[in-house]
Amino acid sequence: MIWSLTADAAQFAASAESWLLRDPVRNTVMLTVLRGLRSGQFAEDPLFGWATGDDGTVVGAFCHTPPYPLTLGEVPPGAIAPLVRDLVEADRRLTAVRGPVSAVEAFATAWWRPESGRRAERLYLLDTLRPAPAPGKPRIAGPGDVDQAARWFREFEAEAHIERAVDVTPLVSARINREELVWWEDEGRPVSLAGVSAPISGMSRIGPVYTPLALRGRGYGSAVTHAVTRKALDDGATEVLLFTDLSNLTSNSIYQRLGYRPIADHATIHFA
């Protein structure tokens, strides 16, 4: 198998996007990254790649938009070693890799730096949305919410051990402009926040979902997740997804009660 690498998102899209769109559920992260790049996000030293088989057809892909981990799609086992070789030759610095467990573990075994830790994740797909009653009501975030939403994004990332060296404000502003962030408000004050991507080929993904520690245990997280899921469906999504941290038993049970079912296990492996 042969890998083609590029820093040009347009070139990557021309070569691999049609392959990604064949399975937007499995390729949700790369498709949403492509959308972000087209709106000016993730532009700091990106790298993309697609693998082709003997007949020249695409069989796998990855994207790397620092400071985020390198993201693997459904990559054939035989393509991992050539990818690692090409990345080493390109002197690519990686702090982590994420994707389907089998692909990520094969990559980490072949990578030259040792594993320093990992996060087990699960991808869920909505079956039938179920009610999540809680006091309050949803509101789509607007331009005046940027500062507070950015602060809550930073709190979410700190709690999830997501390292980011750049300011999150431009990302939050872009998502607010696309009406992708929703508050749950109780008595007129925000008590929980959730994001939802606008549909891509019928697929939308929920995330992040964050409730400040002092406000947890009151159903707000379930309510805001229900609200953004309902928004995705109303906006035309036929498949609604979300990732969970498997160590968080509460969130995994909440999403299943809302009508989500697990479809795949993923992992993020960090390097020393």
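Scroll up a little and you will see the structure.
Conventions and cut-offs
- Residues numbered from 1 in each chain as written.
- Predicted model: local features only at pLDDT ≥ 70, side-chain atom pairs only at ≥ 80, totals over all residues.
- Heavy atoms only, no water.
- Helix = DSSP H or I, 4+ residues; strand = E, 2+ residues; numbered from the N terminus.
- Buried < 20%, exposed > 50% of the residue type's maximum accessible area, 1.4 Å probe, protein only.
- Salt bridge = Lys/Arg side-chain N within 4 Å of Asp/Glu carboxyl O.
- Axes fitted to C-alpha atoms, helices over the stretch in contact; angles between N-to-C directions.
- Parallel < 35°, antiparallel > 145°, perpendicular 65-115°, else oblique.
- Left-handed = near helix turned anticlockwise from the far one by under 90°.
- Contact = heavy atoms within 4.5 Å.
- Nonpolar A, V, L, I, M, F, W, Y, C, P; charged D, E, K, R; others polar.

## Some details on the environment of Gly 144
In this fold, Gly 144 is placed in the loop between β7 (137–140) and α5 (146–159). Among the residues examined, Gly 144 registers a relative accessible area of 78% and is labelled exposed. With 39 residues separating them in the primary sequence, Gly 144 and Glu 105 have C-alpha atoms 43 Å apart.

## Quick look at the pattern of salt bridges
Here the structure, examined in full by the defined rule, presents 19 salt bridges. Asp 145 is the salt-bridge partner of Arg 139, the closest N and O atoms lying 2.9 Å from each other. A relative accessible area of 29% means that Arg 139 is categorised as partly exposed. Residue Asp 145 is classed as buried on the basis of its relative accessible area, which comes to 12%. Within the structure, one salt-bridge network assembled from shared partners comprises Arg 35, Arg 175, Arg 178 and Glu 180.

## Focus: the packing of helix α7 (residues 220–234) against helix α8 (residues 249–258)
When two helices pack together, their arrangement is given by the angle between the helix axes and by the axis-to-axis distance. Packing of α7 against α8 leaves a shortest axis separation of 10 Å and a crossing angle of 45 degrees. As far as their axial angle goes, α8 and α7 are oblique. As α7 packs across α8, the resulting crossing turns out to be right-handed. Each of Ser 222, Thr 225 and His 226 in α7 lies in contact with α8, whose residues at this interface are Ile 254, Tyr 255 and Leu 258. Here the contact of α7 with α8 is built from residues that sort into three nonpolar, three polar and no charged.

## As for unusual backbone geometry
Cis geometry marks the peptide bond from Pro 66 to Pro 67, where omega comes out at 10 degrees. Within the secondary structure layout, Pro 67 lies in the loop between β3 (58–64) and β4 (70–72). Its identity as a non-glycine residue notwithstanding, Asp 45 has a phi of 55 degrees, on the positive side. Inspection of the secondary structure puts Asp 45 in the loop between α2 (28–38) and β2 (47–52). Even without glycine at this site, Asp 91 takes up a positive phi of about 60 degrees. Within the secondary structure layout, Asp 91 lies in the loop between α3 (80–89) and β5 (96–100). Residue class for Asp 91 comes out exposed when judged on its relative accessible area of 69%.

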